[in-house]
Amino acid sequence: MCGIAGFFDTGRRTDARRLTEIGRAMTDAMHHRGPDMGDVWGDEAAGICLGFRRLAIIDLSPAGHQPMHSADGRYVITYNGEIYNYRELAEDVAGRGHTFRGSSDTEVMLELFARDGVEKTLPRLIGMFAIALWDRQERRLTLIRDRLGIKPLYFGRQGGQVFWGSELKAVRAHPDFRAEVDPLALDGFLKGNAVAAPGCIYRDMEALHPGGYAVIEADGEISRKSFWAMTEVGRQPVQDLGDRELVDRTEELVSDAVRRRMVADVPLGALLSGGVDSSTVVALMQKASDRPVKTYTIGFGAADYDEAEHAKAVAAHLGTDHTELSLSADDARDLIPNLPDWFDEPFADSSALPTFLVCRLARQSVTVALSGDGGDEVFFGYNRHRALNAMERRLGAVPGQLRRLAGCALAAPGPALWDTLARAIPAKYRPRMAGTKAQKLARALAAESSDARYLDLITHWPEDLTGLGRAAAMPDGAPDREAAARAAWADTVGYLPNDILTKVDRASMAVSLEARVPLLDHRVVEFAWTLPTDAKIRNGVTKWPLREVLYRHVPKELVDRPKSGFAIPLGEWLSGPLRDWAETLLAEDRLKARGWIDPAPVRRAWRDHLNGRGARAEALWGVCMLEAWAERWIGRA
């Protein structure tokens, strides 16, 4: 795992010394992504500079350093990620007469680009990657991002300069970059608590779309292309497999994805929450390993949020070398001021805190960690997927007015009372975060269609805070399938890269840990989308194929429980120990002075939250994180 950055001065006005100075400033801003080495390469005549920070994982020798030049001298590459089938690809390249200088995946990929070109090479790669490839002959820059958006890459043009970087702090280090906030991106952030790609919080910048590449010509002209698209994946013909064949094929694909991600020249482990996804990954890792796999989990001591005991039980059954760290709320809250530095766009998924903590714990003894992220999108595992399908079946004939009345009745008690009532239910059957879920269900009942219900469930601020009048909308290209499939598809193209993968990348990179996500191997994703919805949600049970794989290795009772996610008691914190902090950031005068959003709905939601009448903690956290980010990167209002 590494960090890449650079710039292309199409007017060729930057001399060699400045190319190097600016390139080093850009890469130094991302030292945490690659503490092992860093270097830049520039060509004054072309106006190009490629910069790199390295976290050495494969081929730790200088032969793996970047920027790397192809054997024929035509191409220069910087690259962040891992190619998991590089050994097979190396055999192909060697068979065509190339003698390798080292044993890195970078050299294999670079020589394939040099021989076969970008379009033919990209479909052959299994992995995660963000790439900058410079063609010295054509003076052409190609920026590339992996299929699912696991690795980040921002780019854009201002005047005669094209900038790019793994993180925006690298781009900001260029002296000519103008950091002006984009109102459309700001509006998208408020709706989803993460900036929605291809948007970027800064004008003239964008996040390269997953499965895509951008070609920048010598005159600065930019063209955008795709080599893989979820639009096509979601429209694959559905196949009818028997249960045994379905589970066997799932285990075969996921096992291969896990094994490939266990290749490293540095210590390796896994992040284990005790849920289905991470437990499946760890079970298959342990099956493939001749020694105990190192596993890590964080506990918080709050019954509705703490999964440490479940992780411990799974680890004990599998015989892993398990490490658990219990942290207090104070430990987690002390990290809040660091969030704007880790996420240099506004970002408000509160699970970033436990994610960072478990990554920091793992980094004490390993450099690479596998995680279970992506399983919910691939195998339809979110509670909303199951709920939307059930609602589609049961509510179609119910008059809208009756549904809205039921929603009002459900919302009336408020989340605090629902949480209190839920405590009367035996722990085994008790829904976690009952109050929040009751409020979401109430709003979903009032929605007019399955797509509208989905958008309502994922939209934190349906109010028009920015005055732009933009309503939340489904991404273009959603498949014509059941409600759960359309929601999972939208999650895969939106929530997954914008939120989940951003969180994992920044939290892990903040401590120089490489995180690998085998459930997002594109072969697993493509196969899962050939399965009918009722093969993934079976009799109300989500992720059925993945669960069946897991039950072959771990007793069902150790992992069968209500889903909660990697959450923190955010509502309680905002009402309690974080109240003064939040009040400062949500102050009406402060929001007015910033001038970005209408403070009235925010203040109303804040009052309701303090009175226990509204489940808007995540939405309020979003505004707090926006203001904290703005104070760090834009300045005080």
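Everything in this summary refers to the structure shown in the same document.

How each quantity is defined
- Residues numbered from 1 in each chain as written.
- Predicted model: local features only at pLDDT ≥ 70, side-chain atom pairs only at ≥ 80, totals over all residues.
- Heavy atoms only, no water.
- Helix = DSSP H or I, 4+ residues; strand = E, 2+ residues; numbered from the N terminus.
- Buried < 20%, exposed > 50% of the residue type's maximum accessible area, 1.4 Å probe, protein only.
- Contact = heavy atoms within 4.5 Å.
- Areas by Shrake-Rupley, 256 points an atom, 1.4 Å probe, with all protein chains shown as cover.
- Polar contact = N/O pair within 3.5 Å; in protein donor to acceptor, adjacent residues only side chain to side chain.
- Phe/Tyr/Trp six-rings, centres within 6.5 Å; stacked < 30°, edge-to-face > 60°.
- Pairing = 2+ DSSP bridges.
- Axes fitted to C-alpha atoms, helices over the stretch in contact; angles between N-to-C directions.
- Salt bridge = Lys/Arg side-chain N within 4 Å of Asp/Glu carboxyl O.
- Parallel < 35°, antiparallel > 145°, perpendicular 65-115°, else oblique.
- Nonpolar A, V, L, I, M, F, W, Y, C, P; charged D, E, K, R; others polar.

Some words on the overall build of the chain
Link 1 in the chain: Scanning the chain from terminus to terminus reveals 29 helices and 17 strands.
Link 2 in the chain: Counting every position in the chain, which comprises 637 residues, the buried fraction comes to 59%.
Link 3 in the chain: Of the contacts formed within the chain by residues at least 6 apart in sequence, a portion of 74% connects residues at least 24 apart.
Link 4 in the chain: Carbon together with sulfur atoms contributes 48% to the accessible area of the chain, which is approximately 24,100 Å² in total.

Quick look at the side chain of Arg 506
Link 1 in the chain: Checked against the element boundaries, Arg 506 lands in helix 20 (residues 483–509).
Link 2 in the chain: Classification of Arg 506 as buried rests on a relative accessible area of 3%.
Link 3 in the chain: Only 3.0 Å separates the side chain of Arg 506 from the side chain of Asp 505, close enough to count as a polar contact.
Link 4 in the chain: Beyond its immediate chain neighbours, meaning those up to four positions away, Arg 506 contacts Arg 33, Pro 152, Tyr 154, Ser 166, Glu 167, Trp 342 and Phe 343.

Focus on the packing of aromatic side chains
Link 1 in the chain: Taken as a whole and judged by the stated rule, the model has 11 aromatic pairs.
Link 2 in the chain: Considering the side-chain rings of Phe 129 and Phe 227, the 6.3 Å spacing of their centres and the 25 degrees angle between planes classify their relative orientation as stacked. With Phe 129 in strand 6 (residues 127–135) and Phe 227 in the loop between strand 12 (222–226) and helix 7 (230–233), this residue pair connects regions lying 98 residues apart in the sequence.
Link 3 in the chain: The class of Phe 227 is buried, set by a relative accessible area of 17%.
Link 4 in the chain: An aromatic cluster is defined as three or more aromatic residues linked by ring pairs; in this entry it consists of Phe 163, Phe 177, Tyr 202, Trp 596 and Trp 629.

What to know about the sheet that holds strand 16 (residues 368–370)
Link 1 in the chain: Read from one edge to the other, the open sheet built from 5 strands follows the order 15-14-13-16-17, with strand pairing classed as parallel. Each edge of the open sheet carries a strand with a single partner, namely strand 15 (321–326) and strand 17 (514–516). Across the sheet, the axes of successive neighbouring strands diverge by a mean angle of 30 degrees, strand direction being ignored.
Link 2 in the chain: As paired strands, strand 16 and strand 17 are joined by 3 bridges and run parallel to one another.

Comments concerning the pattern of salt bridges
Link 1 in the chain: On inspection of all chains with the given rule, the structure shows 53 salt bridges.
Link 2 in the chain: Note that Glu 111 and Arg 101 form a salt bridge whose closest N and O atoms lie 3.6 Å from each other. Here Arg 101 lies in the loop between helix 2 (86–95) and helix 3 (105–116) and Glu 111 lies in helix 3, a separation of 10 residues in the sequence.
Link 3 in the chain: A salt bridge links Arg 590 to Glu 627, with the shortest nitrogen-to-oxygen separation between them at 2.9 Å. Of this pair, Arg 590 sits in helix 27 (residues 588–594) while Glu 627 sits in helix 29 (residues 617–633); the two residues are 37 residues apart in sequence, bridging distant segments of the chain. The two residues Arg 590 and Glu 627 agree in class, both being buried.
Link 4 in the chain: The structure contains a network of salt bridges with shared partners spanning Arg 33, Lys 151, Glu 167, Lys 169, Asp 344, Asp 505 and Arg 506.

Looking at helix 23 (residues 544–551)
Link 1 in the chain: Among the 8 residues in helix 23, 7 count as buried, and that is most of the element.
Link 2 in the chain: Among all positions in helix 23, only Trp 544, Pro 545, Leu 546, Arg 547, Val 549, Leu 550 and Tyr 551 are buried.

Some points on the sheet that holds strand 1 (residues 2–9)
Link 1 in the chain: Strands sit in the order 2-3-1-9-8-10 across an open sheet of 6 strands; the sheet is antiparallel. The sheet terminates laterally at strand 2 (37–43) and strand 10 (205–207), the two strands that pair on one side only. Direction aside, the axes of adjacent strands within the sheet are offset by 10 degrees on average.
Link 2 in the chain: Strand direction decides the pairing type here: strand 2 and strand 3 (residues 48–54), joined by 7 bridges, are antiparallel. The partner of Met 37 across the bridge, within strand 3, is Arg 54.
Link 3 in the chain: Across the sheet, helix 1 (residues 16–28) is in contact with strand 1, strand 2, strand 3 and strand 9 (161–165); its angle to strand 2 comes to roughly 145 degrees.

Observations concerning the packing of helix 8 (residues 243–260) against helix 9 (residues 276–288)
When two helices pack together, their arrangement is given by the angle between the helix axes and by the axis-to-axis distance.
Link 1 in the chain: Helix 9 packs onto helix 8 with a crossing angle of 70 degrees between their chain directions and a minimal axis gap of 9 Å. The angle between the axes of helix 8 and helix 9 places the two elements in the roughly perpendicular class. On helix 9, the residues that touch Glu 251, Val 254, Ser 255, Val 258 and Arg 259 of helix 8 are Val 281, Leu 284, Met 285, Lys 287 and Ala 288.
Link 2 in the chain: For the contact of helix 8 with helix 9, a count of residues per class yields 6 nonpolar, 1 polar and 3 charged.

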